[in-house]
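# Secondary and tertiary structure notes
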Amino acid sequence: MSPKDTAGTGRGDRFGALTPGRIGMAVVAVLLLVFIFENTGDVKIRLLVPEVTMPLYLALLATALLGAACGWYAARRGPRRSR
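Presented here is an overview of the structure given in this document.

Another point: the overall build of the protein chain. Scanning the protein chain from N- to C-terminus turns up four helices and two strands. Its helices and strands in sequence order give the protein chain the pattern α-α-α-β-β-α, from N to C terminus. Burial status across the protein chain gives 2% buried among its 83 residues. Taking contacts inside the protein chain between residues at least 6 apart in sequence as the whole, the part at least 24 apart equals 16%. Carbon and sulfur atoms form 65% of the exposed surface of the protein chain, whose accessible area is close to 7600 Å².

Set out below in structure tokens:
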């Protein structure tokens, strides 16, 4: 058998490695969570027409999750690389 046949797909290397980008994103995520949970006071938020009072950390967490979902969607819908 050739080395290509026994090497496998190589997917384990790609998903298991701690790259600088992954470490940076983990640091950003931890800082975001610390910021969110340090801001626990109630705030009034206007959602187009209704005005709601909720803890600031819930508003920040919802905004972070919506931003992450939009970023994920934009990355998936972006131009495809040709192989």
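Let us keep going from here.
As a further point, take the pattern of salt bridges. As a working rule, side chains carrying opposite charge can pair if their charged atoms are close by. One pass over the structure, following the stated rule, counts one salt bridge. Arg46 serves as the salt-bridge partner of Glu51, at 3.9 Å between the closest nitrogen and oxygen.

With that settled, consider the pairing of strand β2 (residues 51–55). Bridge count between strand β1 (residues 42–46) and β2: five bridges; the pairing is antiparallel. Along β2, the bridge assignment pairs Lys44 with Thr53. Hairpin connection, β1 to β2: the antiparallel pair is bridged by four residues, and Leu48 has positive phi, about 60 degrees.

Rules of the game
- Think of each chain on its own: its residues are numbered from 1, step by step along the sequence as written.
- Confidence filtering applies because this is a predicted model: local features only for residues at pLDDT of at least 70, side-chain atom pairs given and counted only at 80 or more, and all residues used for totals across whole chains, interfaces and linings.
- Here the side-chain values reflect all heavy atoms present in the structure, with hydrogen atoms and water set aside.
- To qualify as a helix, a DSSP run of H or I must reach at least 4 residues; to qualify as a strand, a run of E must reach at least 2; elements of each kind are numbered from the N terminus.
- Classification of residues uses two cut-offs on accessible area relative to the type maximum, computed with a 1.4 Å probe and protein chains only: under 20% is buried, over 50% is exposed, and between them is partly exposed.
- Contacts are assigned to residue pairs that have any heavy atoms within 4.5 Å of one another.
- With residues, only the protein chains shown are counted as cover, and all accessible areas are computed by Shrake-Rupley using a 1.4 Å probe.
- The term salt bridge refers to a side-chain nitrogen of Lys or Arg lying within 4 Å of a carboxyl oxygen of Asp or Glu.
- Only when DSSP finds a minimum of two bridges between them are two strands counted as paired.

By themselves these figures say nothing about function.
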